[in-house]
Amino acid sequence: MKTIPIQVLRYRPEQDAEPWWQKFDLPYTDDMSVLQGLLAIKDDFDGSLSLRWTCRMAICGSCGVMIDGKPRLGCKTFLRDYAPAGLRVEPLAHFPIERDLVVNIEDFIDKLESITPYIVPKEPRTLEQGEYLQTPHELELFEQYSSCINCLLCYAACPQYGLNDKFVGPAALALLHRYNADSRDGARQERMQIVNAKVGVWSCTAVGYCSEVCPKGVDPANAVNQNKVASAKDYFLRFVAPKGAAR
Amino acid sequence: MRKPYVRPMTRWWRRDPYFVRYMWREATALAVAAYAVVLTVGVWRLAQGQAAFDGWLQALRSWPSIVFHLVLLAAMVIHAVSWFEIMPKTMPMLFVDGERVPAATITRAGLVTAVAAALALFALAWMLKP
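Residues numbered from 1 in each chain as written. Chains lettered and ligands numbered in written order. Predicted model: local features only at pLDDT ≥ 70, side-chain atom pairs only at ≥ 80, totals over all residues.

A word on the overall build of chain B. Counting its secondary structure elements, chain B contains 5 helices and 2 strands. Put simply, chain B runs from its N terminus to its C terminus through helices and strands in the order α-α-α-α-β-β-α. A compact globule built from 130 residues should have a C-alpha radius of gyration of about 14 Å, whereas chain B, at 21 Å, is more than 25% larger. Considered along the principal axes of its C-alpha atoms, chain B spans approximately 75 × 50 × 25 Å. When the 130 residues of chain B are sorted by exposure, 5% land in the buried category. (Helix = DSSP H or I, 4+ residues; strand = E, 2+ residues; numbered from the N terminus. Rg over C-alpha atoms; globule rule 2.2 N^0.38 Å. Buried ≥ 20, exposed ≤ 12 C-beta atoms within 10 Å, placed from the backbone.)

Rendered as structure tokens:
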């Protein structure tokens, strides 16, 4: 069986002052993903390796890691693409390392909760009145942003988040936009307070790497930057229009 | 036991070629500002009369000035190309006949407009040449 050199960044809070690289010569087949490789290491070489994973098919968003320095899903990246030189796997950048490849994502979870990540109906309807109707165009305005799986590759790609973790960041702002851009939603004004804040969209400097690394084609940079326009309108319109006109 | 390890951000811009490109895009904005200063000085010298303006034109024809302008031109090309690359991400979704305009089309349209504007300006300057 072919083997591939793989280095994994290890950090055991009980023993280690700082992370260190552990090397393996991993037997692999062409159909093996990096996630499968890591699980093979855990099964056959070192059972103490900690990592997050669930679905193995790019939908749960748990197995995000840095592979050769780039944020990627372990399950959507193949070992064969790194042969014969090998690869380095480390935990997602810009998040504190909890243990080995596991990072602390509490900060993101708090941000996700803060953006009201659900539809607040603009006009309540009874069951008798039937469903909320949308045109295909109204759907297209938010559909791509609803594909976010919270894998946080975009945060690992965002230097502004790395430099200041108060920044709400790409995924939370993309999801915020997903609801603000939905014709059925009525909570826009509440969410605009997050958009308008210094740590909202204005902390983004349009690096654009978040959209490059997104495994689901969400394009968070586009969501954030559309909201710079929305935020500017929100700011200036209140001088020229009576109360409530900025919606 | 919890003892989260925070990795440093030292020299983060060298970590990924994408960040290096981003830093070039941002740094070349200084070249755009520098050229705006050169033109402003020209207007200022013009206000001081014919002799002052001729002196400014003379200074532009010197070797250091030509080298400086070539550097500025290169920087502006980098700036324009990298900005039009990111432009589709910075603007609201565009729809033509109900179809979303692809990002590559927006980038191309921006680049074509920039080249056309530069050529038109060059042609105008050529025609007005004394």
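Residues and elements named next belong to chain A. Strand order in this open sheet of 5 strands is β2-β1-β5-β3-β4, and the pairing throughout is mixed. One side of each edge strand has no neighbouring strand; the edge strands of this open sheet are β2 (20-27) and β4 (70-73). On average, each strand axis in the sheet is tilted by 35° relative to the strand beside it, whichever way the strands run. The sheet contact formed by strand β1 (residues 3-10) and strand β5 (residues 87-91) spans 3 bridges and is parallel. By the bridge assignment for β5, Q7 is matched with R88. On the sheet, helix α1 (residues 34-44) packs against β1, β2, β3 (64-67) and β5 and is oriented at approximately 100° with respect to β2. (Pairing = 2+ DSSP bridges. Axes fitted to C-alpha atoms, helices over the stretch in contact; angles between N-to-C directions. Contact = placed C-beta atoms within 7 Å.)

All names here are of chain B. Between helix α2 (residues 29-47) and helix α4 (residues 63-90), the least distance of the axes is 8 Å, while the angle of their chain directions is 130°. On the basis of the axis angle, α2 is oblique to α4. For the crossing formed where α2 meets α4, the hand is left-handed. Where α2 approaches α4, its residues A29, A31, V32, A34 and Y35 are matched on the opposing element by L72, A75, M76 and H79. Broken down by class, the residue content of the contact of α2 with α4 amounts to 8 nonpolar, 1 polar and no charged. (Parallel < 35°, antiparallel > 145°, perpendicular 65-115°, else oblique. Left-handed = near helix turned anticlockwise from the far one by under 90°. Nonpolar A, V, L, I, M, F, W, Y, C, P; charged D, E, K, R; others polar.)

Across the contact, 29 residues belong to chain A and 21 residues belong to chain B. Secondary-structure elements contributing two or more residues to the side of chain A that touches chain B are β6 (97-99), α3 (136-143), α5 (159-163), α8 (209-213) and α9 (220-240) of chain A. Element by element, the count of residues in the side of chain A that touches chain B is highest for α9 of chain A, at 5 residues. Residue classes in the side of chain A that touches chain B are distributed as 14 nonpolar, 9 polar and 6 charged.

Here the focus is the domain arrangement of chain A. Residue and element names in this part refer to chain A. Assigned domains within chain A: domain 1 (3-103) and domain 2 (106-240). Computed over C-alpha atoms only, the centres of domain 1 and domain 2 are separated by 30 Å. Facing 14 residues of domain 1, the contacting portion of domain 2 comprises 13 residues. For the side of domain 1 that touches domain 2, the leading source of residues is β4, giving 4 residues. (Domains from an automatic or database assignment.)

As a further point, take unusual backbone geometry. With omega at 0°, the peptide bond leading from A83 of chain A into P84 of chain A counts as cis. The residue P84 of chain A is located in the loop between β4 and β5 in this model. Not every positive phi belongs to a glycine, and D219 of chain A is a case in point at roughly 60°. Positionally, D219 of chain A belongs in the loop between α8 and α9. Here the phi dihedral of D97 of chain B falls at roughly 55°; this positive angle occurs in a residue that is not glycine. Turning to its location among the elements, D97 of chain B is positioned in the loop between β1 (95-96) and β2 (99-100).

Residues and elements named next belong to chain A. If you trace the backbone, S114 turns up in helix α2 (residues 106-114). The exposure class of S114 is partly exposed, given the 14 C-beta atoms found within 10 Å. Each C-alpha atom of the pair S114 and Q134 lies 26 Å from the other, and the pair is 20 residues apart in sequence.

Residues and elements named next belong to chain A. Inspection of the secondary structure puts I115 in the loop between α2 and α3. Classification of I115 by C-beta neighbours within 10 Å gives buried; the count is 23. A C-alpha to C-alpha distance of 7.3 Å links I115 and I194, two positions 79 residues apart in sequence. If near-sequence neighbours (up to four positions away) are discounted, I115 is found in contact with A172, L175, L176, R191 and I194.

On to the nonpolar core. Residue and element names in this part refer to chain A. Membership of the largest hydrophobic core comes to 67 residues, with the highest contact counts inside it found for V89, L152 and C154. A per-element tally of this core places helix α6 (residues 170-180) first, with 7 residues. The residues that make up this core include at least three from each of domain 1 (3-103) and domain 2 (106-240). The contact partners of C154, leaving out residues within four places of it in the chain, are P170, A171, C210, V213, C214 and P220. (Core = buried A, V, L, I, M, F, W, Y, C linked by C-beta atoms within 7 Å.)

Take the packing of α2 of chain B against helix α3 (residues 50-60) of chain B next. The relative placement of two packed helices comes down to the angle between their axes together with the axis-to-axis distance. Residue and element names in this part refer to chain B. It is at 6 Å that the axes of α2 and α3 come closest, and there the two elements cross at 150°. Taken together, the axes of α2 and α3 lie roughly antiparallel to each other. Each of V41, G42, R45 and L46 in α2 lies in contact with α3, whose residues at this interface are A52, F53, G55 and W56.

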